[in-house]
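Report on the structure
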Amino acid sequence: MVIKIDEYSDIPIYMQIRNQIVMGISSGELKPGEQLPTVRALALEIGINTMTVSKTYQLLKSEGYIFTDRKNGARVRTEIDKSGQITEANKAELRRIVSEARLSGVSKQDIIRLIDEYYV
């Protein structure tokens, strides 16, 4: 999986990495049990500080998407909690996106089509 960073984005780099890894897990591009690059390797590949990657991995671990151990590094969890619930933070983000889309003149049907496209 190739991770791309937008240096001009308002989204912090660690969140950009986190979001791309979550999308990779969701899409199946990253398989259950798959090993992620080491902190050092990913930092070198992207050209960022190792502490940023470490922060990302700790966040993903706390959210239940990955697990880590000293021998094998970071891996995608084989079982991710499927509570069937949307977090309050995600609800707020979705509300923001829908609000911006509505202000831009995007129809509800177009938003639903996008959701159908992304929810594969």
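Please refer to the structure higher up on the page.
Below you will find a few notes about this structure.

Turning to the overall build of the protein, a few remarks are in order. Along the protein, the regular secondary structure elements total five helices and two strands. Going from N to C terminus, the protein has its helices and strands arranged as α-α-α-β-β-α-α. Its C-alpha atoms put the protein at 50 × 35 × 25 Å along the principal axes. Residue burial in the protein is summarised as follows: out of 120 residues, 20% are buried. Across the protein, every contact between residues at least 6 apart in sequence was considered, and the portion connecting residues at least 24 apart equals 48%. Approximately 9200 Å² of the protein is accessible, and the part contributed by carbon and sulfur atoms is 53%. Positive and negative charge centroids in the protein, built from 17 and 16 side chains respectively, lie 5 Å apart.

What follows concerns the pairing of strand β2 (residues 73-76). Here strand β1 (residues 66-69) runs beside β2; their pairing, made up of four bridges, is antiparallel. Bridged to Phe67 within β2 is Arg75. What sits between β1 and β2 in their antiparallel hairpin is a turn of three residues.

Mapped onto the elements, Val106 comes out in the loop between α4 (88-103) and α5 (108-118). Residue Val106 is classed as partly exposed on the basis of its relative accessible area, which comes to 32%. In sequence terms Val106 and Ser9 are 97 residues apart; their C-alpha atoms lie 23 Å from each other. What Val106 contacts, discounting residues up to four positions off in sequence, is Ala101 and Ile111.

We now examine the packing of aromatic side chains. Tallied over the full model, the rule gives zero aromatic pairs. Above the plane of the ring of Tyr14 lies Lys55, whose end atom (NZ or CZ) is 4.1 Å from the centre.

On to the nonpolar core, then. One finds Ile17, Ile21, Leu36, Leu42 and Tyr57 to be the most contacted residues of the largest nonpolar core, which totals 17 residues. Only α1 (13-27), α2 (39-46), α3 (50-62) and β2 provide two or more residues apiece to this core. In terms of residue count, the dominant contributor to this core is α1 (four residues). In this structure, Leu36 is in contact with Leu30, Tyr57, Ile66, Ala74, Arg75 and Val76, ignoring residues within four places of it in sequence.

Procedures and definitions
Residues numbered from 1 in each chain as written. Predicted model: local features only at pLDDT ≥ 70, side-chain atom pairs only at ≥ 80, totals over all residues. Heavy atoms only, no water. Helix = DSSP H or I, 4+ residues; strand = E, 2+ residues; numbered from the N terminus. Buried < 20%, exposed > 50% of the residue type's maximum accessible area, 1.4 Å probe, protein only. Contact = heavy atoms within 4.5 Å. Areas by Shrake-Rupley, 256 points an atom, 1.4 Å probe, with all protein chains shown as cover. Lys, Arg positive; Asp, Glu negative; His and termini not counted. Charge placed at Lys NZ, Arg CZ, Asp CG, Glu CD. Pairing = 2+ DSSP bridges. Phe/Tyr/Trp six-rings, centres within 6.5 Å; stacked < 30°, edge-to-face > 60°. Lys NZ or Arg CZ within 6 Å of the ring centre and 35° of its normal. Core = buried A, V, L, I, M, F, W, Y, C linked by side-chain atoms within 4.5 Å.

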